[in-house]
Amino acid sequence: MEKRGSGIKKNYMAAALAVSLLAMAIIFIRIVTEDKVVTEYSSDYVAMAELPSQLSFTYYGEEEWKDKLKKINQKDNLNGKLTFGKLEGLLTQLSVREYVDYPEKSSWKQVSRPEWNAVYEQILDLLDTDGKVSAKNLIFLTKEPENSQDGVRRLTQKGYYEVADGVDYFHYYDMYQVYVKDGRIIGVSSECEGPLTLKNVFVHSTQEEQAEVLYERQKIMLDIEGLEENITNTICDMEWTKGKVTAIYKKEDMISGKVLSFNDKQIEISGYGTLKHSGSLKIYKTYGTVEELDESKLVIGNLRADFVVAGKQVCGIILKEPASIEVIRVLLLNGEGAAYHSSPVFVADAESSVTVGDKTKQVAAGKPITVSEFLGKNSDYLKIALEDGDGRVYFSDGNGGHTSLGYRGTIEVRKYPEGYGVVNQLSLEQYLYGVVPSEMPSSYEREALRVQAICARSYACIQLMKGDYAALGAHVDDSTSYQVYNKQEETAQTNLAVDDTVGEVVKYQGEVAEAYFFSTSCGYTGDMGLWNVPSDGKYGYLKGTCLASDGKATDISTEEAFASFIKNKEANSFDSESPYFRWQAKLPIKGNTEAISNAIIKRASANKANVQVIKENGEEWEASSLAGFGAVKEISVAERGAGGGIRALCISYEKGKVNLFTEYNVRYVLGAVAEQLTNNNGGAIDMELLPSAYFTLDSGKKGYTLYGGGYGHGIGMSQNGSNGMAKAGMGYAEIIMKFYKDITIENIYNEE
């Protein structure tokens with residue numbers, strides 16, 4: 001009996017020892033694993049490093065949560081996994097422990113991902129009252145993350161997402177449900193089986209079970225096992241299930257036409273009217289280098305394209321050839337300079353056709369065309385076309401009388417909630433027939449008019465590519481915001497200048513240059529620094545130049561030297577015949593603080609970056625708070641450009657100062673209080689802006705006397721300077737080379 005009891009005792013001891021060793025092993029493994037950085041996703045656990053971003057929607061930020069969770073983790077790091085003991089500490093920190101249901105398990109046991117998700121959803125219900133966090137199902141389409149300003153980002157079927165620290169478990173073709181806040185993945189909920197769809201992707205080619213696609217402006221290769229059909233240069237939807245492409249749906253329906261207008265919801269196509277699109281136009285170029293383009297390349301009226309359509313919605317646009325510059329579309333503003341007309345009436349001097357929808361009606365010459373009557377209640381688009389190419393369409397008083405000059409080309413009218421938008425479409429050369437006489441007197445020298453035609457054509461080509469008025473179906477308007485159009489009658493001289501230079505533009509480094517021009521120089525032109533824009537790079541051709549007619553430059557390198565130059569009414573210059581070559585003004589500042597401050601506030605609201613407000617302690621301030629600065633005490637030039645124009649003006653108050661940047665701001669603010677403006681001949685000048693920012697200030701008892709020169713912004717070609725050069729026998733090419741440096745003159749219609 002004693003031997004048997006002894007054996008049992010030994011067995012108990014051995015078992016106890018085994019249990020102890022097992023427990024020690026578990027504790028050892030737990031200690032070792034708890035100190036590891038978790039780099040792989042698992043449904044069995046949640047990494048501590050995932051939690052700061054997931055909780056960042058609460059009253060603590062992500063960095064604050066890192067510090068708090070390190071304390072809960074009882075380490076100086078966030079290595080290891082979430083346990084039930086740590087979960088209780090986290091819920092206590094959130095002050096929601098008594099409101100959240102969770103399993104009661106040993107404190108050292110790991111919290112599985114489904115268990116954590118159940119807790120996290122309760123936390124969201126309690127604390128995410130604004131709905132900042134949402135769940136999304138995503139496919140991850142690239143092998144490696146991309147660096148971004150905020151860390152890394154990943155490409156998915158829904159575009160790019162920033163990825164928070166500690167949650168980037170994603171591999172090529174992984175499918176997950178994730179938590180997202182402000183376009184940033186902050187946590188991983190679970191794996192996702194799908195199906196999920198990548199919509200409207202451009203497939204360039206398929207071969208060897210791979211597809212080369214364009215998506216989010218980059219080329220990526222996608223695995224496509226089992227695809228038998230070859231797909232080339234079309235738009236498809238691709239479906240994933242369990243990490244594999246399981247279906248490709250090629251979109252077959254396609255229409256062709258030209259874009260007439262577009263906005264963020266719809267696009268107007270010639271011959272098809274207005275169609276909806278997905279909200280972000282997908283544009284793909286297949287000629288030359290195959291690539292995805294942005295909306296700025298969608299040249300309205302001049303670009304024939306193929307439109308992939310599904311369910312009466314445009315899914316994508318395929319460009320098979322570059323835009324050819326054929327027409328320009330001009331928004332005709334109303335009498336107050338606004339975009340919309342209340343009740344436009346037109347009349348033509350030749351027989352015209354008026355098209356509304358699919359119906360066209362012939363209208364006799366001289367008969368009024370009242371837009372509202374033709375459109376009725378159910379139509380919103382009307383087009384007037386002339387049967388005679390030499391005819392013109394006019395705005396009318398309703399009785400057949402003309403209230404405008406005549407317009408070539410066609411007139412399109414669109415009805416909007418705000419009123420009627422009127423667009424004149426015509427060829428670029430015909431447009432210049434209306435621009436050149438409106439921008440330069442037809443009495444100017446022939447070579448000067450040719451210069452004006454080339455500059456106007458270059459400027460128009462740039463605007464064609466910008467699409468500022470795409471939502472209203474136009475490239476430009478007819479005001480000084482672009483180029484003045486059809487405000488002066490065409491003349492034989494100005495039309496000849498257009499015809500003599502047909503197609504010619506200014507190019508810089510192979511691209512059409514924005515050939516800025518203005519009325520009159522003071523004897524020098526400036527560079528883009530006058531607009532607070534870098535003068536190098538794309539604007540390297542605008543260096544500024546001396547326009548002395550004898551070729552001898554005057555020293556204007558100091559304030560004293562510039563003052564001497566600008567006060568000299570007899571200075572030697574190609575512009576000297578203009579009455580604006582020199583001008584004067586009185587600038588009383590006593591009693592005008594409020595007017596000056598109000599003008600500053602208006603300019604700051606237009607562009608805050610070009611108005612710097614500084615308190616007397618050096619702190620930057622808001623322009624709207626100038627009332628506490630006291631009275632204006634002094635005005636001084638802070639910086640001049642190379643040609644003498646003011647790049648920065650300092651207005652000093654009793655308790656601070658304002659630095660104005662750009663020539664326009666300087667002219668606007670001082671023009672608000674300037675008095676007794678006179679030109680070079682002593683004649684009065686009536687304008688709200690100062691004529692130019694090329695001036696010096698002489699102080700007096702009540703303020704300043706301004707001595708200035710020139711009229712306009714002072715950048716690019718001086719129209720009066722160009723005329724002076726033409727009178728001196730210079731040809732148009734030589735004149736252009738004087739104003740724009742390192743450029744060529746090329747013909748846009750001869751390009752391949």
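The paragraphs below set out a description of the structure included in this document. (Residues numbered from 1 in each chain as written. Predicted model: local features only at pLDDT ≥ 70, side-chain atom pairs only at ≥ 80, totals over all residues. Heavy atoms only, no water.)

Right, let's get into the overall build of the chain. Along its length, the chain carries 14 helices and 42 strands. Principal axes of the C-alpha set define a box for the chain whose edges measure 135 × 70 × 50 Å. A buried classification covers 51% of the 752 residues belonging to the chain. For the chain, the proportion of contacts with a sequence separation of at least 24, taken over those separated by at least 6, is 64%. Taking the average location of the 80 positive side-chain charges in the chain and that of its 104 negative ones, the two points are 5 Å from each other. (Helix = DSSP H or I, 4+ residues; strand = E, 2+ residues; numbered from the N terminus. Buried < 20%, exposed > 50% of the residue type's maximum accessible area, 1.4 Å probe, protein only. Contact = heavy atoms within 4.5 Å. Lys, Arg positive; Asp, Glu negative; His and termini not counted. Charge placed at Lys NZ, Arg CZ, Asp CG, Glu CD.)

With that out of the way, let us pick up the pattern of salt bridges. This model, assessed by the stated rule, comprises 36 salt bridges. For the salt bridge of Glu50 with Arg113, the shortest nitrogen-to-oxygen distance reads 2.9 Å. Residue Glu50 is found in the loop between helix H1 (2–34) and helix H2 (51–54), and its partner Arg113 is found in helix H5 (residues 113–127); the two are separated by 63 residues along the sequence. Given a relative accessible area of 1%, Arg113 falls into the buried group. (Salt bridge = Lys/Arg side-chain N within 4 Å of Asp/Glu carboxyl O.)

As a further point, take the nonpolar core. Core analysis: the largest hydrophobic core is formed by 92 residues, its most contacted members being Ile328, Phe346, Ile411, Tyr431 and Tyr740. Of the residues forming this core, the biggest block, 11 residues, is contributed by helix H8 (residues 446–466). Setting aside its immediate chain neighbours within four residues, Ile411 contacts Leu332, Phe346, Leu382, Lys383, Ile384, Val393, Val422, Val423 and Asn424. Membership of the second largest hydrophobic core comes to 34 residues, among which are Ile651, Leu660, Leu690 and Leu697. (Core = buried A, V, L, I, M, F, W, Y, C linked by side-chain atoms within 4.5 Å.)

Each strand in a sheet pairs with another by means of backbone hydrogen bonds, the pair being arranged parallel or else antiparallel. In spatial order, the strands read S23-S20-S25; together these 3 strands make up an open sheet with antiparallel pairing. At either margin of the open sheet sits one strand with a lone partner, and together these are strand S23 (369–370) and strand S25 (393–395). (Pairing = 2+ DSSP bridges.)

This paragraph deals with the pairing of strand S4 (residues 159–163). Looking at chain direction, strand S3 (residues 151–156) and S4 are connected through 5 bridges and run antiparallel. Following the sheet pairing, Arg153 is matched in S4 by Glu162. Here S3 hands over to S4 after 2 residues, the two strands then running antiparallel side by side. As judged from the 2 bridges shared by S4 and strand S6 (residues 184–191), these two strands associate in the parallel manner. When the sheet's bridge partners are listed, Val163 is paired in S6 with Ile185.

Before going further, it helps to spend a moment on the packing of H8 against helix H14 (residues 732–739). It is at 9 Å that the axes of H8 and H14 come closest, and there the two elements cross at 55 degrees. Accordingly, the angle class assigned to the pair H8 and H14 is oblique. As H8 packs across H14, the resulting crossing turns out to be right-handed. Where H8 approaches H14, its residues Glu447, Arg450, Val451 and Ile454 are matched on the opposing element by Tyr732, Ile735 and Ile736. Per-class residue counts for the contact of H8 with H14 are 5 nonpolar, no polar and 2 charged. (Axes fitted to C-alpha atoms, helices over the stretch in contact; angles between N-to-C directions. Parallel < 35°, antiparallel > 145°, perpendicular 65-115°, else oblique. Left-handed = near helix turned anticlockwise from the far one by under 90°. Nonpolar A, V, L, I, M, F, W, Y, C, P; charged D, E, K, R; others polar.)

It is worth spelling out the sheet that holds strand S39 (residues 695–699) at this point. One open sheet holds the 4 strands; their spatial order is S38-S32-S40-S39, and the pairing between them is antiparallel. Of all strands in the sheet, those bounded by a partner on one side alone are strand S38 (675–678) and S39. This sheet shows a mean twist of 20 degrees between the axes of neighbouring strands, independent of strand direction. Sheet analysis places S39 next to strand S40 (residues 703–708), joined by 5 bridges and oriented antiparallel.

Turning next to the side chain of Gln54. Assignment of secondary structure puts Gln54 in helix H2. Accessibility expressed as a relative area gives 0% for Gln54, which makes it buried. Each residue touching Gln54, except ones within four places of it in the same chain, is listed here: Trp116, Tyr120, Tyr179, Ile186 and Gly187.

Topologically, Val436 is positioned in helix H7 (residues 428–439). What makes Val436 buried here is its relative accessible area of 0%. Counting along the chain gives 185 residues from Val436 to Trp621, while the straight-line C-alpha distance between them is 45 Å. Beyond its immediate sequence surroundings of up to four residues, Val436 is in contact with Leu449, Gln452, Ala453, Thr494 and Val498.

Spatial relationships are all this shows, so hold off on functional conclusions.
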